[in-house]
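Read off the chains here:
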Amino acid sequence: MPFSQFGLAPFFSKSLSHFNYAEPTPIQSAAIPAILKGQDVLGIAKTGSGKTAAFVLPILQQLEVAQISQHRDPTVLVLVPTRELADQVTQVFREFLPSLTSGVSCLAVYGGVSINTQMQALRRVDVLVATPGRLLDLIEKNAVRLANIQTLVLDEADKMLNLGFQEEVDQLLRLLPVKRQNLLFSATLSEDVSAMQRLILKDPLVLQIDEVGESPQQIHQEGYFVTEERKGVLLRYLIKHEQLQQVLVFVSSHKKADNVTAKLVKNKINACAIHSKMGQNVRRDALKKFKDGRVTVLVSTDLLARGIDIDCLSYVINYELPRSPKDYIHRIGRTGRAGASGEAISLITPAEEHHFGVIQKKMGQRVAMVQSDGLDLRGY
Ligand code: ADP
Ligand code: MG
């Protein structure tokens, strides 16, 4: 059924067909009418199922219809966990702006780049996409006020309400008008569900399209039993033997990301690292090169585990497992997006076997295991 059946205005039709959005995804067809009605929504749907457009489209329609883009202060606030996701969500808003006539503007603000530039740009913004820390800094400098926010979105909502962000997000919530629309989206739920309820007070519509923490069926998962010493060479074998062209490798620390990358480069594999200890321009450059296909392997910490959408990415390798089973779901969800197929490979040492068992149990899915002993890794 077309988007218009779900209340989406005809002015989006050209952009929708330009981006090959023939039909809404299930979360979009459920969330769009509810958001347009002004309801609070908690949307749970798998990674890669189009949750961004599920809030971007109705929010832009509300702004266009109300013609409220002349505000000095933003009316929509989207909070996200990483700078990279802030850029990406802003990009999705901007892709649909040409459909509007009301001159809506969208801006991403986050740390690691000049605050002065952001302060200038904040002079007239309708949709503000932000990481919490920098937003608080900007508020302190009187560069922005949240008094006019009518819609709040928490993308990767469970992460935003988790310990790491809780304090900052609470601080921001206190600055928002009480009367507002709250939209929460994620593929996984916070264990602390009461945190979500505390936030969504107004009779939320819970749209649970998929089981919480379910991985998309089109992601083929596999694990390799390997010793710690052979992990590096097994990674190179998988990349070279399979002639992989675009692989996202996850590790558990920035040091490991640098080490694994250095080893790959030494072995003539075109690799780059990305993690939070790098400068923002270097981070941005690494992701861009990877997306453009100029880099074959991107080695990341959990920085890229949440929300990042890389077109046609078909391989994710867990060089090390994430601590949280939820992060495993998010990591492998960087592949198999928008109905495409994907491979997720995890390298499991004897020390990690038990934890991998826990992850599979939480996920409710068994992962096929392969012994790597028999593989001839000489020459890799
Ligand atoms: P999620 O937030 O659920 O993980 P995203 O919003 O990042 O997923 O969307 C994943 C991919 O699906 C993006 O590349 C997006 O362009 C694409 N997409 C979203 N909605 C549709 C649609 N209705 N039809 C086709 N592709 C879509
Ligand atoms: Mg998302």
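Residues numbered from 1 in each chain as written. Chains lettered and ligands numbered in written order. Predicted model: local features only at pLDDT ≥ 70, side-chain atom pairs only at ≥ 80, totals over all residues. Heavy atoms only, no water.

### Details of the pairing of strand β1 (residues 41-44)
Here is step 1: Every second residue of β1 is oriented toward a common face, with Val-41 and Gly-43 on one face and Leu-42 and Ile-44 on the other, all of them buried.
Here is step 2: Summarising the sheet, β1 and strand β6 (residues 181-186) pair through four bridges and their orientation is parallel. Note on β6: the bridge partner recorded for Ile-44 is Ser-186. (Buried < 20%, exposed > 50% of the residue type's maximum accessible area, 1.4 Å probe, protein only. Helix = DSSP H or I, 4+ residues; strand = E, 2+ residues; numbered from the N terminus. Pairing = 2+ DSSP bridges.)

### A few points about the nonpolar core
One recurring pattern in soluble globular proteins is that nonpolar side chains are buried together.
Here is step 1: The biggest cluster of nonpolar side chains holds 57 residues, and the ones touching the most others in it are Phe-55, Leu-60 and Phe-93.
Here is step 2: Looking at which element gives the most residues to this core, the answer is helix α3 (residues 51-66), with eight residues.
Here is step 3: When residues of this core are sorted by domain, at least three fall in each of domain 1 (3-208) and domain 2 (219-374).
Here is step 4: With 30 residues, the next largest nonpolar core counts Ala-130, Leu-136, Ala-157 and Val-169 among its residues. (Core = buried A, V, L, I, M, F, W, Y, C linked by side-chain atoms within 4.5 Å. Domains from an automatic or database assignment.)

### A short note on the sheet that holds strand β3 (residues 106-109)
Here is step 1: The strand order across the open sheet built from seven strands is β3-β4-β2-β5-β6-β1-β7, with neighbouring strands paired in parallel fashion. If you trace the sheet from one side to the other, it starts and ends with β3 and β7 (205-208), each paired once. When the angles between neighbouring strand axes are averaged without regard to direction, this sheet yields 15 degrees. (Axes fitted to C-alpha atoms, helices over the stretch in contact; angles between N-to-C directions.)

### Some words on the pairing of strand β13 (residues 342-348)
Here is step 1: In terms of burial, β13 is a largely internal element, six of the seven residues being buried.
Here is step 2: In terms of strand pairing, strand β8 (residues 219-225) meets β13 through seven bridges, oriented parallel. Its bridge partner lying in β13, Phe-225 is registered against Ile-348.
Here is step 3: Pairing of strand β12 (residues 315-318) with β13, which is carried by four bridges, proceeds in the parallel orientation. Along β13, the bridge assignment pairs Ile-317 with Ile-345.
Here is step 4: In this fold, β12 hands off to helix α13 (residues 325-332), which returns the chain to β13; that crossover is right-handed. (Right-handed = clockwise from strand over helix to strand, strands pointing away.)

### Describing the site of ligand 1
Here is step 1: Near ligand 1, the surroundings consist of 17 residues, among which Tyr-21, Gln-28, Gly-48, Thr-52 and Asp-309 are the closest.
Here is step 2: Note that an oxygen atom of ligand 1 is positioned 3.0 Å from one of the backbone N or O atoms of Ser-49.
Here is step 3: Between ligand 1 and Thr-52, the relevant distance is 2.6 Å, taken from an oxygen atom to a side-chain nitrogen or oxygen of the residue.
Here is step 4: Here the shell around ligand 1 is built from residues that sort into four nonpolar, eight polar and five charged. (Near = heavy atom within 4 Å. Polar contact = N/O pair within 3.5 Å; in protein donor to acceptor, adjacent residues only side chain to side chain. Nonpolar A, V, L, I, M, F, W, Y, C, P; charged D, E, K, R; others polar.)

### Side note on helix α4 (residues 83-96)
For an α-helix, 3.6 residues make a turn, and residues three or four places apart therefore share a direction.
Here is step 1: Look at α4: 21 Å from first C-alpha to last across 14 residues, which is about the 20 Å you get at 1.5 Å a residue.
Here is step 2: Every buried residue belonging to α4 is among Glu-84, Leu-85, Ala-86, Gln-88, Val-89, Thr-90, Val-92, Phe-93 and Phe-96, and all of these are buried. (Expected span 1.5 Å × (residues − 1).)

### A few points about the pattern of salt bridges
Here is step 1: Following the criterion strictly, the structure yields 16 salt bridges and no others.
Here is step 2: As a salt-bridge pair, Lys-46 and Glu-214 come within 3.7 Å of each other at their nearest N and O atoms. Residue Lys-46 is located in the loop between β1 and α3, and its partner Glu-214 is located in the loop between β7 and β8; the two are separated by 168 residues in the primary sequence.
Here is step 3: Its relative accessible area of 14% is what places Lys-46 among the buried residues.
Here is step 4: Each of Glu-156, Asp-158, Arg-306 and Lys-326 takes part in salt bridges that share partners, so that together they form one network. (Salt bridge = Lys/Arg side-chain N within 4 Å of Asp/Glu carboxyl O.)

### Notes on the packing of α13 against helix α14 (residues 353-363)
Here is step 1: The contact between α13 and α14 brings their axes to 9 Å, and the two run at 75 degrees. Looking at the two axes, α13 sits roughly perpendicular to α14. Seen from α13, the contacting residues are Pro-325, Tyr-328 and Ile-329; seen from α14, they are Phe-356, Ile-359, Lys-362 and Met-363. (Parallel < 35°, antiparallel > 145°, perpendicular 65-115°, else oblique. Contact = heavy atoms within 4.5 Å.)

### Re the domain arrangement of the protein
Here is step 1: We note that the domain assignment places domain 1 (3-208) and domain 2 (219-374) within the protein.
Here is step 2: Its C-alpha centre places domain 1 at a distance of 29 Å from the equivalent point of domain 2.
Here is step 3: With 22 residues of domain 1 at the interface, the matching set in domain 2 holds 19 residues.
Here is step 4: In total, about 1,600 Å² of surface goes out of reach between domain 1 and domain 2, with carbon and sulfur atoms giving 47% of it.
Here is step 5: On the surface where domain 1 and domain 2 come into contact, there are five salt bridges.
Here is step 6: Two residues, Glu-156 and Arg-306, come together in a salt bridge whose shortest N-O distance is 3.0 Å. (Buried area = accessible area lost by both parts, 1.4 Å probe.)

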